[in-house]
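# Structural overview
Take a look at the letters that make up each chain.
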Amino acid sequence: MQTTVKYPIVFAGIGLHSGELARIKIVPAPADRGIVFRRLDVPSEIGEIPARWDLVDQSPLCTRLTNSHGVTISTVEHVMAALSGCGVHNAVVEVAGPDIPFLDGSSAEFVRGILARCIERLNAPLRALRVLKPVEVVRDAARARLSPHDTLLIEFSIDFEDAAIGTQRKLLNMSNGSFVRELSPARTFCRKADVDLMRANGLALGGASGINAVVFDGEKVLSPGGLRQPDEPVRHKMLDALGDLALAQYPILGHYNGVRAGHSMTNQLLRTLFSDPANYEFVQCDADLAARLPGAGVQWDEVPQVA
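Residues numbered from 1 in each chain as written. Predicted model: local features only at pLDDT ≥ 70, side-chain atom pairs only at ≥ 80, totals over all residues. Heavy atoms only, no water.

All right, on to the side chain of Asn67 then. Tracing the sequence through the fold places Asn67 in the loop between β7 (64–66) and β8 (72–74). Judged by its relative accessible area of 7%, Asn67 is buried. Separated by 3.0 Å, the side chain of Asn67 and the backbone oxygen of Glu48 make a polar contact. Of note is the side chain of Asn67, whose polar atom sits 2.9 Å from the backbone nitrogen of His69. Apart from the residues lying within four places of it in its own chain, the contact partners of Asn67 are Ile46, Gly47, Glu48 and Ile49. (Helix = DSSP H or I, 4+ residues; strand = E, 2+ residues; numbered from the N terminus. Buried < 20%, exposed > 50% of the residue type's maximum accessible area, 1.4 Å probe, protein only. Polar contact = N/O pair within 3.5 Å; in protein donor to acceptor, adjacent residues only side chain to side chain. Contact = heavy atoms within 4.5 Å.)

Written out as structure tokens, the structure is:
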């Protein structure tokens, strides 16, 4: 069955691009509404932005959606990962500005809020998207691929010159709350040199401070408290991938494999998938299939406690 949040949930933090305080409210929505962002600072008739793969445009550092009226919402990937990873299929995310707050750079606070305010089952069948044939996009040494599988697997590999990051690879089955336990606390990460360059160009004004991101400088981790997990960078890449895949609007049954991939490449992968109806099919979820989807059966005591 489809789900929504049971009660409104409010979050506040700094916007990644604007550097200004951003406040959002996640409110319940009826079946078949999907996830919709609603800008409260523009006229209501143009302010809704559906969370859809075909509304993604190119933006540095994050995933940005633009509706047919040119209204945008940026940095949607962390809240989309939280909603997908908690098994929420319908919700309206209200925000009075162009940015979703960055919070601590992970999805942990979003997850805690969603689970604390409860998830409500709706009397409507749930469909999933099953990948039927492998699809792939490649750019130089980067690659993203979706291939058939009976659950959602996310696999990721990264390779950085900084010794504190190095080469990392991880594979996780997203069934049964795995996202909440394994990926939700993983923060965005960056190199100090990149932070300095971005700020010189007026970007990342509200992010990458060492408090809401992990900042690396060669062999050093500059963020207070160090890493939450030894392989936190690759886990965050997997978190981002889940958030970007959630823009398919249906739970995906397939094996995602990213190698040095980013937001734009995962979106291009979805565009490639949907370009040919022979690549996929929609299936109605019975009890067995629903139990294998992200967020199914997750319990409050599985939520990681982070500083």
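The rest of the description comes next.
Pairing is mixed in the open sheet, where three strands are placed in the order β16-β17-β18. In this open sheet, the two strands that pair with only one neighbour each are β16 (189–191) and β18 (220–221). With two bridges connecting them, strand β17 (residues 214–217) and β18 associate as antiparallel partners. Residue pairing across strands places Asp217 opposite Lys220, the latter belonging to β18. (Pairing = 2+ DSSP bridges.)

Bringing the packing of aromatic side chains into the picture now. All chains considered together, the criterion is met by eight aromatic pairs. Pairing Trp53 with Phe274 gives two aromatic rings, centres 4.8 Å apart and planes at 10 degrees, and the pair type is stacked. Here the residue Trp53 occupies a position in the loop between β5 (48–50) and β6 (56–57), and Phe274 occupies one in helix α6 (residues 263–274), the gap between them amounting to 221 residues. Here Trp53 and Phe274 have matching classes, each one buried. (Phe/Tyr/Trp six-rings, centres within 6.5 Å; stacked < 30°, edge-to-face > 60°.)

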